[in-house]
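Residue-level listing of the chains:
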Amino acid sequence: MKFALLIILSAFTPAFAHAQQTPAPTLPPKVYPVALPNYDEETATRLQIFLDNNDFGPGKIDGRMGEFFRKALISYKYANAMPKTGAVDQWMLDQVPVTYTTYTVKEEDVKLIGDVPGSHAEQARLKWMPYTSLLEFVAERFHSAEAYIQKLNPGKNWENLQAGETLKVPNVLPFEVEKFTEGKVPENPAFTSRRVFVDTQEHLLEVFDHDQLVCVFPITPGSKTLPAPVGTWKILGATVWPWFRYDEGMLNHGVRTENYYNLPPGPNNLVGVLWMGLNKPGIGIHGTNNPETIGRAASHGCIRLANWDAARVKDLVSVGNTVIIF
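Residues numbered from 1 in each chain as written. Predicted model: local features only at pLDDT ≥ 70, side-chain atom pairs only at ≥ 80, totals over all residues. Heavy atoms only, no water.

Some words on helix H2 (residues 67-79)
The end-to-end C-alpha distance of H2, which contains 13 residues, comes to 18 Å, matching closely the 18 Å that a straight helix rising 1.5 Å per residue would cover. In terms of residue burial, H2 counts as a mostly covered element, since 10 of its 13 residues are buried. What H2 keeps buried is the set Phe68, Phe69, Lys71, Ala72, Leu73, Ile74, Ser75, Tyr76, Lys77 and Ala79. (Helix = DSSP H or I, 4+ residues; strand = E, 2+ residues; numbered from the N terminus. Expected span 1.5 Å × (residues − 1). Buried < 20%, exposed > 50% of the residue type's maximum accessible area, 1.4 Å probe, protein only.)

Right, dumping it as structure tokens:
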């Protein structure tokens, strides 16, 4: 997907905001690093699927022992009071008895593919920012690296993939993009006590319910020049399939101008499937049009997740929750 650094001026954010003047929060314990062995590709894939299905995001599924896979595994063991070792727990593998499944491309999928022009002026004329290829669509649907989907399906003509073709994919709970509808996310009274921690050093978003770790997802938290704002904040509102106000003044200087483009929603919108605005102008938790860059590239102060992770975060927290960035 096309990648751009971004910031958004949310409809939820007031003209001014500041970190709440509260005592310094108790931060979650550090559980890294723990040395892990290098599992074989199928074992690694099965464990990635297990962790992903349980809301401990390993990053993109690729059958490799990457940074976020290791952190997700140790975080899951910590959350479940298990010994934080690299031993393969057979019961985890038993939850994923079938590592791979198949997916047949549908006519409806093909309708989600289209051209996305390079200029923001042209993008602003669109009604939707679609996927640009079926490979991109399938990889995001199964939380995978595009290269891994290609590796699992050698010999496919990816430039001319058609409806009716069957692909081998990881057997993970799919990100079903067609089931998401544009609109605001309501407050969830059951989650009022939850807190969101954004670890800018480990590049992780963690949700706690009191002292219980609920989930962990990899993120990109700002950049060296425009870091995520350290402090205690609050989620003011959340929107599925948000529009993005692309304003160079806001992007580069934090000042709203009249020279902007209103970009339509879609998987190739810069904030992807979700915008969750904080009480800090222009700062939020959001999806992305380029999941391959999570944890690897910079954003303009925001907390960026892969779309499949952002879609789950919205169901694990509530408007009004405290967000602690450290």
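And the narrative resumes.
A few points about helix H1 (residues 41-53)
Because each turn of an α-helix spans 3.6 residues, side chains separated by three or four positions end up pointing in the same direction. In a regular helix each residue adds 1.5 Å, so 13 residues correspond to 18 Å; H1 covers 18 Å between its end C-alpha atoms and thus fits that length. Among the 13 residues in H1, 10 count as buried, and that is most of the element. Burial in H1 covers these residues: Thr43, Ala44, Thr45, Arg46, Leu47, Gln48, Ile49, Phe50, Leu51 and Asp52. Check the buried side of H1 and you find it contacts H2, helix H3 (90-94), strand S1 (100-104), helix H7 (146-152), strand S2 (166-170) and helix H9 (307-313). (Contact = heavy atoms within 4.5 Å.)

A few points about the pairing of strand S5 (residues 204-209)
With six of six residues buried, S5 is to be regarded as a mostly interior element. Burial of the side chains of S5 extends over both faces: Leu204, Glu206 and Phe208 are buried on one face and Leu205, Val207 and Asp209 on the other. Sheet topology note: the strand S4 (residues 194-199)/S5 ladder contains six bridges and is antiparallel. Within S5, the position partnered with Asp199 by the bridge is Leu204. Here S4 folds back onto S5 in antiparallel fashion, the turn holding four residues, of which His203 has a positive phi close to 60°. (Pairing = 2+ DSSP bridges.)

Considerations on the side chain of Glu140
Following the sequence through the fold, Glu140 ends up in helix H6 (residues 134-141). The side chain of Glu140 sits in the buried core without any salt bridge; Arg141 is the nearest counter-charge, 9.0 Å away. Side chain to side chain, Glu140 and Asn307 meet in a polar contact 3.3 Å long. (Lys, Arg positive; Asp, Glu negative; His and termini not counted. Salt bridge = Lys/Arg side-chain N within 4 Å of Asp/Glu carboxyl O. Polar contact = N/O pair within 3.5 Å; in protein donor to acceptor, adjacent residues only side chain to side chain.)

Some details on the pattern of salt bridges
Pairing is possible between side chains that carry opposite charge, provided their charged atoms lie close to one another. Evaluation of the coordinates by the stated rule reveals 15 salt bridges. Glu178 serves as the salt-bridge partner of Arg141, at 2.9 Å between the closest nitrogen and oxygen. Of this pair, Arg141 sits in helix H6 while Glu178 sits in the loop between S2 and strand S3 (183-184), and the two are 37 residues apart along the sequence. Classification of Glu178 as partly exposed rests on a relative accessible area of 42%.

Side note on the packing of H1 against H2
Running from N to C, H1 and H2 cross one another at 55°; their axes reach a closest spacing of 10 Å. Relative to H2, the element H1 lies oblique. Helix-helix and strand crossings are classified by hand; for H1 and H2 the assignment is left-handed. Taken together, the residues of H2 that come into contact with H1 (itself represented by Ala44, Leu47, Gln48, Phe50 and Leu51) are Phe69, Ala72, Leu73 and Tyr76. Here the residues of the contact of H1 with H2 sort into eight nonpolar, one polar and no charged. (Axes fitted to C-alpha atoms, helices over the stretch in contact; angles between N-to-C directions. Parallel < 35°, antiparallel > 145°, perpendicular 65-115°, else oblique. Left-handed = near helix turned anticlockwise from the far one by under 90°. Nonpolar A, V, L, I, M, F, W, Y, C, P; charged D, E, K, R; others polar.)

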